[in-house]
Amino acid sequence: MTDDRQLVSAVLACEHGAFARLVERHQKLVWHLVFRMVADAEDTRELSQEVFLRVHQRLAQFRFDAALGTWIGQIAFSVAARHLRRKRLPLVSHDEFGGDQESVNLFARIADDTDLEAEFCSAEEVKHLGQALAALPALQRTLVTLYHVDELGIPEIARITSLPQGTIKSHLFRARKLLRDRLSPALGVRP
Amino acid sequence: MTHSREEIELAWQQAAEQQGADSTINGDPGTRSYRRLYAALRQVELPEAPEGFAIDLERAVRLRASPDKAESMEQWGVRVGLVLLLVLLAASILAYALPLWQLLTAQGHHLPWHALLASAVALLAVACHDRRPSRFVRRH
């Protein structure tokens with residue numbers, strides 16, 4: 001029996017501590033996903049609680065047609081998306097470049113090398129990146145976090161968000177380009 | 001053959017993923033910038049769940065799962081309280097009524113009906129006690 005099945009059986013049998021173990025195993029993914037969607041610490045806590053309460057309510061119906069983490073991620077995404085709809089906040093922005101419609105000379109940017117040592121990032125860059133990430137539309141910053149921080153694959157992200165893989169790849173492409181463009185000015189690089 | 005701007009950017013992004021953090025690969029500046037971005041993304045701090053979050057949730061679902069237990073404990077407490085009250089009331093009535101009854105019967109008078117009526121009302125109150133689930137259990 002896999003870990004997931006053992007854990008689910010233990011929770012359904014009301015074994016003491018089983019549900020707490022399930023929460024501990026998946027709370028990081030849920031917290032990251034919800035936080036990136038709603039961008040508010042208090043709402044994140046409340047919604048994360050709601051996610052796990054729903055997980056508990058529906059656990060008996062889980063059929064293992066996906067990994068347990070994926071199923072929990074789906075619930076988290078759905079709860080967060082509903083929260084944004086209730087607050088009339090957009091999931092995606094039509095103006096995906098946030099107003100930075102600069103006309104870019106692509107080859108000029110190539111000449112302005114910003115990364116002599118690609119594997120090293122200063123604290124300053126990380127801080128600027130954090131701000132740029134927070135400024136992205138909810139869906140894009142969530143997808144970037146799931147892919148690069150939580151290291152989920154595209155197929156799994158597609159199952160969690162119920163979006164086509166092509167759409168996810170497109171959002172990731174645009175979000176990364178936007179982040180890279182926004183990071184460059186922070187480093188004082190001439191266009 | 002010229003490539004569109006988007007195709008070039010996509011090629012950089014994909015190359016950066018393939019090269020990863022391998023410092024032995026130099027690559028072109030565009031790819032290196034994306035490698036730098038990916039490395040920075042892995043360092044961005046995200047909030048985590050507070051201490052005790054999982055335990056609190058387990059406690060909450062256990063309480064939700066056994067409302068009958070909570071209800072029966074509450075009703076048990078109410079019944080114990082009522083029984084104690086009755087015992088005190090009965091003792092008070094007897095302490096008052098018995099000597100008076102003896103006195104009255106010695107003088108040819110009737111039983112103290114008001115004391116008996118008070119006891120009957122107390123018993124009726126217990127019998128009509130609200131047996132519905134408490135509001136707390138219903139709400140949670």
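Before reading on, note that the structure itself is shown above.
Residues numbered from 1 in each chain as written. Chains lettered and ligands numbered in written order. Predicted model: local features only at pLDDT ≥ 70, side-chain atom pairs only at ≥ 80, totals over all residues. Heavy atoms only, no water.

**Topic: the overall build of chain B**
- Each helix and strand counted, chain B has 6 helices and 0 strands in total.
- In chain B, the succession of helices and strands from N to C terminus is α-α-α-α-α-α.
- Sorting the 140 residues of chain B into buried and exposed places 26% on the buried side.
- For chain B, restricting intrachain contacts to residue pairs at least 6 apart in sequence, the fraction spanning at least 24 positions comes to 41%.
- For chain B, the exposed area adds up to about 9,800 Å²; of that, 64% sits on carbon and sulfur atoms. (Helix = DSSP H or I, 4+ residues; strand = E, 2+ residues; numbered from the N terminus. Buried < 20%, exposed > 50% of the residue type's maximum accessible area, 1.4 Å probe, protein only. Contact = heavy atoms within 4.5 Å. Areas by Shrake-Rupley, 256 points an atom, 1.4 Å probe, with all protein chains shown as cover.)

**Section: the packing of aromatic side chains**
- Per the stated rule, a full pass over the model turns up 5 aromatic pairs over all chains.
- Ring geometry for Phe52(A) versus Phe53(B): centroids 6.2 Å apart, planes at 70°, classification edge-to-face. Residue Phe52(A) is found in helix 3 (residues 41–58), and its partner Phe53(B) is found in helix 3 (residues 53–65); the two belong to separate chains. Phe53(B) shares its class with Phe52(A); the two are buried.
- With 6.3 Å between their ring centres and 45° between their planes, Tyr34(B) and Tyr38(B) make a pair best called tilted. Pair noted here: Tyr34(B) and Tyr38(B) are both in helix 2 (residues 29–43), with a separation of 4 residues, about one helical turn.
- Taken together, the ring pairs connect Trp31(A), Phe52(A) and Phe53(B) into an aromatic cluster. (Phe/Tyr/Trp six-rings, centres within 6.5 Å; stacked < 30°, edge-to-face > 60°.)

**Remarks on the pattern of salt bridges**
- Counted according to the given criterion, the structure contains 10 salt bridges over all chains.
- Residue Lys177(A) is joined to Asp181(A) by a salt bridge in which the shortest nitrogen-to-oxygen separation is 2.9 Å. Of the two residues, Lys177(A) and Asp181(A) are both situated in helix 9 (residues 165–186); the distance of 4 residues between them amounts to about one turn of the helix. A single burial state applies to Lys177(A) and to Asp181(A), both of which are buried.
- In this structure, Glu9(B) and Arg180(A) form a salt bridge, with 3.8 Å as the shortest nitrogen-oxygen distance. Taken as a pair, Glu9(B) in helix 1 (residues 5–19) and Arg180(A) in helix 9 lie in two separate chains rather than in one. This pair shows no difference in class: Glu9(B) is buried, exactly as Arg180(A) is.
- What you see here is one network of salt bridges that share partners, running through Lys177(A), Arg180(A), Asp181(A) and Glu9(B). (Salt bridge = Lys/Arg side-chain N within 4 Å of Asp/Glu carboxyl O.)

**Comments concerning helix 2 (residues 18–38) of chain A**
Residue and element names in this part refer to chain A.
- Helix length check: helix 2 (21 residues) gives 29 Å between terminal C-alpha atoms against 30 Å at 1.5 Å per residue, within 8%.
- Of all the bends found along helix 2, the most pronounced is centred on His 26 and spans about 50°.
- With 17 of 21 residues buried, helix 2 is to be regarded as a mostly interior element. (Expected span 1.5 Å × (residues − 1). Bend = angle between axes of the 7 residues up to and from the residue.)

**Considerations on the interface of chain B and chain A**
- Taken together, the contact pairs 39 residues of chain B with 52 residues of chain A.
- Between chain B and chain A the total buried area reaches about 4,400 Å² when both faces are included, carbon and sulfur atoms providing 64% of it.
- For the pair chain B and chain A, the interface holds 2 salt bridges.
- In this structure, the salt-bridge partner of Glu17(B) is Arg176(A), at a minimum N-O distance of 3.2 Å. (Buried area = accessible area lost by both parts, 1.4 Å probe.)

**Side note on the environment of Trp31(A)**
- The topology assignment puts Trp31(A) in helix 2.
- For Trp31(A) and Ala41(A), which are 10 residues apart along the polypeptide, the C-alpha to C-alpha distance reads 9.6 Å.
- Non-local contacts of Trp31(A), meaning those with residues more than four positions away in its chain, are made with Thr44(A), Arg45(A), Ser48(A), Pro47(B), Glu48(B), Ala49(B), Pro50(B) and Phe53(B).

**Section: the nonpolar core**
- Ranked by size, the top nonpolar core spans 69 residues in total, and within it Leu22(A), Phe52(A) and Leu179(A) carry the most contacts.
- Residues in contact with Phe52(A), not counting those within four places in the same chain, are Phe19(A), Leu22(A), Val23(A), His26(A), Gln27(A), Val30(A), Ile72(A), Phe53(B) and Leu57(B). (Core = buried A, V, L, I, M, F, W, Y, C linked by side-chain atoms within 4.5 Å.)

**Some remarks on the packing of helix 1 (residues 3–12) of chain A against helix 2 of chain A**
All names here are of chain A.
- In the contact formed by helix 1 and helix 2, the axes pass within 8 Å of each other and the chain directions differ by 140°. If you check the angle between helix 1 and helix 2, you find them oblique. Crossing of helix 1 against helix 2: the hand is left-handed. Taken together, the residues of helix 2 that come into contact with helix 1 (itself represented by Asp 3, Asp 4, Leu 7, Ala 10 and Val 11) are Ala 18, Phe 19, Arg 21, Leu 22 and Arg 25. (Axes fitted to C-alpha atoms, helices over the stretch in contact; angles between N-to-C directions. Parallel < 35°, antiparallel > 145°, perpendicular 65-115°, else oblique. Left-handed = near helix turned anticlockwise from the far one by under 90°.)

**Considerations on the layout of surface pockets**
- Its boundaries defined by the atoms lining it, the second largest pocket holds a volume of some 240 Å³.
- When contributions to the lining of the second largest pocket are tallied by element, the ones reaching two or more residues are helix 9 of chain A together with helix 1 of chain B.
- Class assignment for the residues of the lining of the second largest pocket results in 5 nonpolar, 3 polar and 6 charged. (1 Å grid on protein atoms, 1.4 Å probe; cavity = no way out; pocket = protein on both sides within 12 Å on 5 of 7 lines; lining within 4 Å. Points joined across faces, edges and corners; volume = space filled by probe spheres on them. Nonpolar A, V, L, I, M, F, W, Y, C, P; charged D, E, K, R; others polar.)

Coordinates in, geometry out; function isn't part of it.
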